[in-house]
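Next come the chains, spelled out residue by residue.
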Amino acid sequence: MTVERTLSIIKPDATRRNLTGAINKCFEDAGLRFVAQKRIRLSAQQAEEFYAVHEERPFYGDLCAFMTSGPVVVQVLEGEDAIAKNREVMGATNPDDAADGTIRKQFAENVEANSVHGSDSAENAAIEIKFFFEDDEIVG
Ligand code: CMP
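Residues numbered from 1 in each chain as written. Predicted model: local features only at pLDDT ≥ 70, side-chain atom pairs only at ≥ 80, totals over all residues. Heavy atoms only, no water.

A.B. asks: Would you mind showing me how to read the sheet that holds strand 1 (residues 3-10) here?
C.D. replies: In a beta sheet, neighbouring strands are held together by backbone hydrogen bonds and run either parallel or antiparallel to one another. Across the sheet, which stays open at both edges, the four strands sit in the order 2-3-1-4 with antiparallel pairing between neighbours. For this open sheet the edge positions go to strand 2 (33-40) and strand 4 (116-118), each flanked by a neighbour on one side alone. Taken over all neighbouring pairs, the strand axes of this sheet differ in orientation by 20° on average, direction set aside. With respect to the sheet, helix 2 (residues 20-29) is in contact with strand 1, strand 2, strand 3 (72-80) and strand 4, its orientation differing from that of strand 2 by roughly 160°. (Pairing = 2+ DSSP bridges. Helix = DSSP H or I, 4+ residues; strand = E, 2+ residues; numbered from the N terminus. Axes fitted to C-alpha atoms, helices over the stretch in contact; angles between N-to-C directions. Contact = heavy atoms within 4.5 Å.)

A.B. asks: What's the story with the layout of surface pockets in this structure? I'm lost.
C.D. replies: Gaps left between atoms are located by rolling a probe of water-molecule size over the structure's atoms. Empty space within the largest pocket amounts to approximately 680 Å³. In this structure, the largest pocket is lined by 24 residues; those nearest its centre are Tyr 51, Val 53, His 54, Leu 63 and His 117. Looking at the lining of the largest pocket, the elements that each hand over two or more residues are helix 3 (44-50), helix 5 (82-90), strand 4 and helix 7 (122-132). In the lining of the largest pocket, the residues fall into nine nonpolar, seven polar and eight charged. (1 Å grid on protein atoms, 1.4 Å probe; cavity = no way out; pocket = protein on both sides within 12 Å on 5 of 7 lines; lining within 4 Å. Points joined across faces, edges and corners; volume = space filled by probe spheres on them. Nonpolar A, V, L, I, M, F, W, Y, C, P; charged D, E, K, R; others polar.)

A.B. asks: Teacher, can you tell me more about the pairing of strand 3 here?
C.D. replies: Within a regular strand, side chains alternate between the sheet's two faces. Most of strand 3 is tucked away: eight of the nine residues are buried. Alignment of strand 1 against strand 3, held across eight bridges, turns out to be antiparallel. Pairing of Leu 7 across the sheet is with Val 76, part of strand 3. Taken together, the seven bridges between strand 2 and strand 3 define a ladder with antiparallel strand orientation. Its bridge partner lying in strand 3, Phe 34 is registered against Leu 77. (Buried < 20%, exposed > 50% of the residue type's maximum accessible area, 1.4 Å probe, protein only.)

Take a look at the structure:
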């Protein structure tokens, strides 16, 4: 077991419904710790750059528009196997496929407005954390 850090985003559908605390409780109950967190409004350029890997997908434009439609909470989660644990707590991308008790099963509206994002690998976690946070904003 290794202590890892991962990047999490609480998406506009969840901030709009005042679910930040409820979602954070799911992470903390799973043993993940918040070592950085801020509520921001993504610019179109930030959303396009963050999701550039999906540029060719038919949903890319809608996804970027959705991610800039309201505030998001970007956060760094730390814990043993944090990347896998975060993905387990989030559940499958599409809430219809997500397991009972997961964040997306409980809270997501649909596959796009799916309440949370989490890094999918150690490599991407490092890139995504750097995208939003300076080193001195992360306090373990
Ligand atoms: P996320 O984990 O943030 O990574 C990419 C996002 O694209 C994903 O969550 C969903 O919000 C969105 N997404 C993935 N597949 C689809 C789809 N088929 N239709 C619309 N949005 C999607």
